[in-house]
Amino acid sequence: MAVWDLARRTGWSTRAVIAAVALAALLVAVVPAALLAGIILMVLGHVIGGLALFGGSILAAAAAVVIAAWTGVWRLRKAISQQQASQVQASQQQDSQQQPYRVVQLGEGDYRYT
């Protein structure tokens, strides 16, 4: 149940990162099929079309991977900064709840070394 609760609480940015990664994986998986289709097109006489199909699929897959990586890193940095901010806030609250230091005045005999 905890996993489903966590999934329900995800924001739009998390869902966007998941969608970008899924799209990138799909486009990378399609590259071999595009290569095969490009070879078939070139055998049938459409050399420019085959090269364009294969090159376009590689460019699309590379762009999707770059975008997925960029959004993932952006989301990770945001999560880390929020985590650090909450830790700083928690430590400040903990420091404010501690007792102040006691000041003890020493007598003359307490610190003389003679």
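Reading guide: rules and limits
Residues numbered from 1 in each chain as written. Predicted model: local features only at pLDDT ≥ 70, side-chain atom pairs only at ≥ 80, totals over all residues. Heavy atoms only, no water. Helix = DSSP H or I, 4+ residues; strand = E, 2+ residues; numbered from the N terminus. Buried < 20%, exposed > 50% of the residue type's maximum accessible area, 1.4 Å probe, protein only. Contact = heavy atoms within 4.5 Å. Areas by Shrake-Rupley, 256 points an atom, 1.4 Å probe, with all protein chains shown as cover. Expected span 1.5 Å × (residues − 1). Bend = angle between axes of the 7 residues up to and from the residue. pLDDT = per-residue confidence, 0-100.

**Quick word on the overall build of the chain**
Here comes step 1: When helices and strands are counted, the chain shows 4 helices and 0 strands.
Here comes step 2: The buried share of the chain, reckoned over its 114 residues, is 12%.
Here comes step 3: A separation threshold of at least 6 residues defines the contact pool for the chain, and within that pool the share at least 24 residues apart is 57%.
Here comes step 4: Surface exposure of the chain reaches about 9,700 Å², of which carbon and sulfur atoms provide 67%.

**Thoughts on helix α2 (residues 12-43)**
Here comes step 1: With 32 residues, α2 extends 46 Å from end C-alpha to end C-alpha; this agrees with the ideal 46 Å at 1.5 Å per step.
Here comes step 2: Along its length, α2 reaches its greatest deviation from straightness, about 35 degrees, at V31, and the proline P32 lies no more than four positions downstream.
Here comes step 3: Among the residues of α2, those classed as buried are S13, T14, V17, A20, A24, V31, A34 and G38.
Here comes step 4: Immediately beyond the C-terminal end of α2, within one or two residues, lies G45, with a positive phi of roughly 105 degrees.

**Side note on the confidence of the model for the chain**
Here comes step 1: Overall, the predicted model of the chain reaches an average pLDDT of 81, with 81% of residues at or above 70.
Here comes step 2: Model confidence for the chain, summarised as mean pLDDT per element, is weakest for helix α1 (residues 2-8) at 54 and strongest for α2 at 89.

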